[in-house]
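An overview of the molecular structure
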Amino acid sequence: MASTDEQHLAAPVPELHGDGIRLRMWDADSDADVADWLRGITDPEFQRWNTPLKPVTDLDSARESLRTKARETVEGTSVTYCVVDATSGAVLGSIGLQAIEPVLSVGRVGYWVLPEARGRRVAVRALNLASRWAHTQLRLHRLELGHALGHDASCRVAELCGYRYEGTLRGAMFASGRHDDFRDVHLHGRLATDPVPS
């Protein structure tokens, strides 16, 4: 991070607490974290809607993926939180703020939830918590959320968290499991000046 204006991600990135969950950094040196990251990235429902740029197929590639996430946090371009239950500490999923652009004051959010944690509004709670932090502490004006056309569950999460539907981006995301084919994306946005969802 070259200048003061770009120093949105203070080191260390703070843990976030609220609504029965805690957001903490993933730990590439933790075998348990690496295993949970691998489970999330290789889950069939995740892979149905997401195609990572670099395949994560085993523990070694999962660990390297988490190390990349840690480097990006140090560089100030993204932060990826592990979502855990506030009481038990059990890993529930992941939420990230990527493509942070301090000059334009914008970032892009993404999330996934482990199979056993679905149906408990984990994504809604995590997105609300992370969005509040991004708007107030990072002082980002605009947050964007894009999901593959047809991903109705992600669309509901976006709407519940105050991310307004703004349109469809043609061919803006890789097709499932492909790097040579594309699909359309629903774009949602939330501004720091938008009403905070109840």
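Residues numbered from 1 in each chain as written. Predicted model: local features only at pLDDT ≥ 70, side-chain atom pairs only at ≥ 80, totals over all residues. Heavy atoms only, no water.

1. Overview of the overall build of the protein
Just so we agree on the cut-off: Where helices and strands are cited, they refer to DSSP runs of H or I of at least four residues and of E of at least two residues respectively, numbered from the N terminus. This radius of gyration counts C-alpha atoms alone. The globule rule is 2.2 Å times how many residues there are, raised to the power 0.38. Accessibility here uses a 1.4 Å probe with only protein chains present; expressed as a share of the type maximum, an area under 20% marks a residue as buried, one over 50% as exposed, and anything in between as partly exposed.
Across its full length, the protein carries five helices and eight strands. For the protein, the N- to C-terminal ordering of α and β elements is β-β-α-α-α-β-β-β-α-β-α-β-β. In terms of C-alpha radius of gyration, the protein reaches 16 Å, essentially the compact-globule figure of 16 Å for 198 residues. By the burial criterion, 46% of the 198 residues in the protein qualify as buried.

2. Re the side chain of His186
For clarity, the threshold we go by: In this description, contact between two residues means that some pair of their heavy atoms is separated by no more than 4.5 Å.
Of note, His186 is situated in strand E8 (residues 182–191). Beyond its immediate sequence surroundings of up to four residues, His186 is in contact with Leu145, Gly146, His147, Leu149, Cys155, Tyr165, Gly167 and Thr168.

3. Let's talk about the pattern of salt bridges
Heads up, the condition is: Think of a salt bridge as a Lys or Arg side-chain nitrogen and an Asp or Glu carboxyl oxygen that are within 4 Å of each other.
In total, this model carries 14 salt bridges according to the counting rule given. Note that Arg67 is salt-bridged to Asp29, the shortest N-O span being 3.9 Å. In this pair, Arg67 is assigned in helix H3 (residues 59–75) and Asp29 in the loop between strand E2 (21–25) and helix H1 (31–42), connecting sequence segments 38 residues apart. The closest approach of N and O atoms between Arg63 and Asp31, which form a salt bridge, is 2.8 Å. Taken together, the positions of Arg63 in helix H3 and Asp31 in helix H1 put the pair 32 residues apart, joining distant regions of the chain.

4. Focus on unusual backbone geometry
Of note, Ala99 is a non-glycine position whose phi angle comes to about 50°, a positive value. As for its placement among the helices and strands, Ala99 is situated in strand E4 (residues 91–101). Even without a glycine there, the phi angle at Arg139 is positive, about 60°.

5. Observations regarding the sheet that holds strand E1 (residues 16–18)
Going by this rule: In this scheme, strands are said to pair when DSSP sees at least two bridges between them. Note on definitions: angles span 0 to 180 degrees between N-to-C directions of axes, and those axes are lines fitted to C-alpha atoms, for helices only across the stretch in contact.
A sheet is described by the order of its strands in space; here eight strands give the open sequence E1-E2-E3-E4-E5-E6-E8-E7, paired in mixed fashion. The outermost strands of the open sheet, each flanked by one partner alone, are E1 and strand E7 (164–174). Ignoring which end each strand starts from, the neighbouring axes of this sheet average 25° apart. Pairing of E7 with E8 involves seven bridges; the strand directions are antiparallel.

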